[in-house]
Amino acid sequence: MARAKASTCDLEQQVRHLFHLMQLAPRPLRDFLTPVCGETELEVLLESGALESAALRLIAPSVKFSVARNCDERVLATVNFPGGEAAGFAASAHLASAVVQAWTQSVVLLESHAT
């Protein structure tokens, strides 16, 4: 039980940290790095334990994404920024974790395509 609690706290911190990093995005990237919700709404979701909803609210409307569950009950997430060149993929036991990981991988891929 202690590990499950720690895992939930870790996920909450990851979602919160990603939100704050998004606020620091350079202007040319803000169209698809700006979350749907503001900080107040995000905090309400996180405080109520709605980690999945909070993670999904980080994805801007211009970003394509998909979430599915495979036969092993793992969540598969894909995040694809406009232009289609940077698609991040992740698998996790938790939806929030898969979304955060896929989003982060997309940013890394975006960076590598830019150089």
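On a predicted model such as this, the values are computed, not experimentally measured, just so you know. (Residues numbered from 1 in each chain as written. Predicted model: local features only at pLDDT ≥ 70, side-chain atom pairs only at ≥ 80, totals over all residues. Heavy atoms only, no water.)

You can see Asp-72 is positioned in the loop between strand 1 (64-69) and strand 2 (75-80). The class of Asp-72 is exposed, set by a relative accessible area of 57%. Separated by 21 residues in the primary sequence, Asp-72 and Ala-93 place their C-alpha atoms 9.3 Å from one another. (Helix = DSSP H or I, 4+ residues; strand = E, 2+ residues; numbered from the N terminus. Buried < 20%, exposed > 50% of the residue type's maximum accessible area, 1.4 Å probe, protein only.)

Relative to strand 2, strand 1 is paired through six bridges, and the arrangement is antiparallel. Opposite Phe-65, over in strand 2, you have Val-79 as the bridge partner. Where strand 1 folds back on strand 2, the antiparallel hairpin that results is connected by five residues, among which Glu-73 adopts a positive phi of roughly 70°. Strand direction decides the pairing type here: strand 2 and strand 3 (residues 87-92), joined by six bridges, are antiparallel. Across the sheet, Val-75 pairs through a bridge with Ser-92, a residue of strand 3. (Pairing = 2+ DSSP bridges.)

Further remarks concern unusual backbone geometry. Positive phi, close to 70°, is recorded for Glu-73, a residue that is not glycine. Along the chain, Glu-73 falls in the loop between strand 1 and strand 2.

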